[in-house]
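In case you want the letters, here they are:
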Amino acid sequence: MTVTTTPWRLHAQQLADDITTDGVLRSPQWRAALEAVPRHVFVPRFYTQQPDGRWRETCTESPGWLDEVYRNQPLITALATTARGNQVTVSSSTKPGLMIRMLEALDIDDSHRVLEIGTGTGYNAGLLSQRLGDEQVYSVDIAADLVDAARTRLHELGLRPTLAVAHGGDGLAGHAPFDRIIATCSVPAIPWAWAEQVREGGLVLADLKRSVHAGNLVLLARHADRLEGRFLPRWAGFMAIRDTDTAPPDQRINLTPEDGDQSTTALPPHPWESLIPWMLAQAHLPPQLKFGYRGAAGTGGHQWAVFTASDGSWCAVSMESHDGRRDVRQLGPTRIWDEFEKAHHHWLALGQPGWERFGATVTADGTHRLWLDQPNSAHCWTLTTASTHAA
Ligand SMILES: C[S@@+](CC[C@H](N)C(=O)[O-])C[C@H]1O[C@@H](n2cnc3c(N)ncnc32)[C@H](O)[C@@H]1O
């Protein structure tokens, strides 16, 4: 593959234009990096899920590959097969507009040393190295094959940031302190190791998601005794951090909705339909709830949206509504749906505040306190303790 004779520069300029038009790309330095780093070198193949659930590969030889690579869209770049033969996504090239939104939010200047958690394809490490120089960029991924491939691509372009195979939850202590840490996988809790490895006044930007969809990007400044800052105004979702370089275990939902205690709800069943209330509800829920569907016996269809918790609690919400209400079934020590409803009522009573009004304070003992408007607000939520590593 040659990167000098293809029309990729025109594509890259168009991509930069698109991200500028969206109001996301503002600084000339990031524009220059976007125009200089060929995304196609980092995404020689990607996968698209078909209606039947199977994944279709598009590679350099496929028609339309180059056009797709330069669209402002995320692309799934690595799949793994679970013990039960299911294919799951384990890496991707983040939507460039989201990457730039994060880089802009980090207020990076030319002197900064930056650690990225989640090397993936290496594209973002490429943008960082192009802007800051090799000496100031560090990136880690749990997957050795991804790091190897990223290193080869970066070298092909003459870029040599420090890459390492490591659990990003531990940071990269040997190269600390950093001015900025950017995580491109979501974490159930901000690892205190990141606070220890970012200088005072430095910034950490990560997707804090206690469980599926329950959280958002948060930009935290390092103070002497804490990390503190606000959620970004627009929601974004990254793939979750994992503890091993293997496919995650298959999700098993062993429950019979008919066994649960019955009630009804007017609220929608999916967590992504009520993002902020789901995050606030986490203060009263076991960490890392799992979400899935369950069909009626003998049918392939989704009859119930189902949440399960590590303490054995579960709730199921009917996908069908009658007169605006859905059936709910719950069982176990935590009434998951009741907690969500309470959080939703509270959020309504507060006037449905958006992400920009919420912030977080993280301390060395692992406490994560969410607050409305200011850190000393009367409206605050302490998240239940979660491991900073994956479930
Ligand atoms: C969305 S992708 C990263 C995209 C990447 N920044 C890019 O430019 O292509 C998320 C990455 O996080 C990595 N990841 C997951 N768990 C990790 C962990 N514990 N430590 C480091 N990286 C991890 C995945 O292997 C995956 O490559």
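Since this is a predicted model, take the numbers as computed values, not measurements. Within any chain, residue numbers begin from 1 and follow the written order of that chain's sequence. A pLDDT threshold of at least 70 governs which residues receive local features in this predicted model, and a stricter bar of 80 or more applies before side-chain atom pairs are shown or counted, although totals over entire chains, interfaces and linings include all residues. With hydrogens and water excluded, all non-hydrogen atoms of the structure serve as input to the side-chain values.

### Examining the sheet that holds strand β14 (residues 304-308)
- Two strands are counted as paired when DSSP detects at least two bridges linking them. Helix and strand definitions here come from DSSP, where helices need a minimum of 4 consecutive H or I residues and strands a minimum of 2 consecutive E residues; each element is numbered from the N-terminal end. Across the sheet, which stays open at both edges, the five strands sit in the order β12-β16-β15-β14-β13 with antiparallel pairing between neighbours. At either margin of the open sheet sits one strand with a lone partner, and together these are β12 (261-265) and β13 (290-294). The mean angle between the axes of side-by-side strands here comes to 25 degrees, regardless of whether they run parallel or antiparallel.
- The pairing of β14 with strand β15 (residues 314-318) spans five bridges and is classified as antiparallel. Each residue of the ladder has a partner; that of Ala 305, found in β15, is Val 317. Comment: axis = line fitted to C-alpha atoms, over the contacting stretch for helices; angle = value between 0 and 180 degrees taken between N-to-C directions.

### A short note on the nonpolar core
- By size, the foremost hydrophobic cluster in this structure holds 57 residues, and its most contacted members are Ile 190, Trp 194, Leu 227, Phe 231, Trp 278, Leu 280 and Trp 337.
- In terms of residue count, helix α9 (residues 275-281) provides more of this core than any other element does, six residues in total.
- Both of domain 1 (8-231) and domain 2 (257-272 + 282-334) provide at least three residues apiece to this core.
- Non-local contacts of Phe 231, meaning those with residues more than four positions away in its chain, are made with Leu 208, Asn 216, Leu 217, Val 218, Met 279, Trp 355, Glu 356, Phe 358, Gly 359, Ala 360 and Leu 370.
- The term nonpolar core refers to a set of buried residues drawn from Ala, Val, Leu, Ile, Met, Phe, Trp, Tyr and Cys, joined through side-chain atoms within 4.5 Å. With a 1.4 Å probe rolled over the protein chains alone, any residue whose accessible area is under 20% of its type maximum counts as buried; one over 50% counts as exposed, and the rest are partly exposed. Counting residues in hydrophobic clusters, the runner-up holds 48 residues, among them Ala 33, Leu 98, Met 99 and Ala 221. Domain limits in this description derive from either an automatic procedure or a database domain assignment. The contact criterion used throughout is that any non-hydrogen atoms of two residues lie within 4.5 Å.

### Overview of the pattern of salt bridges
- Every case where a carboxyl oxygen of Asp or Glu lies within 4 Å of a side-chain nitrogen of Lys or Arg is listed as a salt bridge. Counting across every chain of the model gives 15 salt bridges.
- For Arg 71, the salt bridge goes to Glu 68, with nearest N and O atoms at 3.2 Å.
- With relative accessibility at 43%, the residue Arg 71 sits in the partly exposed group.
- A salt bridge links Arg 242 to Asp 245; the shortest N-O distance between them is 3.8 Å.
- Judged by its relative accessible area of 38%, Asp 245 falls in the partly exposed class.

### Some words on the layout of surface pockets
- Grid points spaced at 1 Å over the protein atoms alone were grouped into cavities, where a 1.4 Å probe fits but cannot get out, and pockets, open sets with protein on both sides within 12 Å along at least five of seven lines, with lining residues defined by an atom within 4 Å of a point. Grid points are joined across faces, edges and corners, and a volume is the space filled by probe spheres set on the points. What the second largest pocket holds in volume is close to 290 Å³.
- Listing elements by their share of the lining of the second largest pocket, those giving two or more residues are β1 (45-49), β3 (75-81), β4 (87-93) and α7 (144-156).
- Note on residue classes: Ala, Val, Leu, Ile, Met, Phe, Trp, Tyr, Cys and Pro are nonpolar, Asp, Glu, Lys and Arg are charged, and everything else, Gly too, is polar. Tallied by class, the residues present in the lining of the second largest pocket amount to twelve nonpolar, five polar and five charged.

### Quick look at the domain arrangement of the chain
- Domain assignment breaks the chain into domain 1 (8-231) and domain 2 (257-272 + 282-334).
- Taking the mean C-alpha position of each, domain 1 and domain 2 sit 34 Å from one another.
- The interface of domain 1 with domain 2 comprises six residues on the first partner and seven residues on the second.
- By definition, the buried area sums, over both parts, the 1.4 Å-probe accessible area that each loses when the two are put together. Summed over both partners, the interface of domain 1 with domain 2 buries about 600 Å², with 71% contributed by carbon and sulfur atoms.
- Considering only the side of domain 1, the residues that lose the most area to domain 2 are Arg 210, Val 212 and His 213, jointly responsible for 65% of the buried surface there.
- Summed over the shared surface of domain 1 and domain 2, the result is zero salt bridges.
- Here a polar contact means two N or O atoms within 3.5 Å. Within protein one must be a hydrogen donor candidate and the other an acceptor candidate, and residues neighboring in sequence count only if both atoms are side-chain atoms. Connecting domain 1 to domain 2 are one residue pair in polar contact (both at pLDDT 80 or more).

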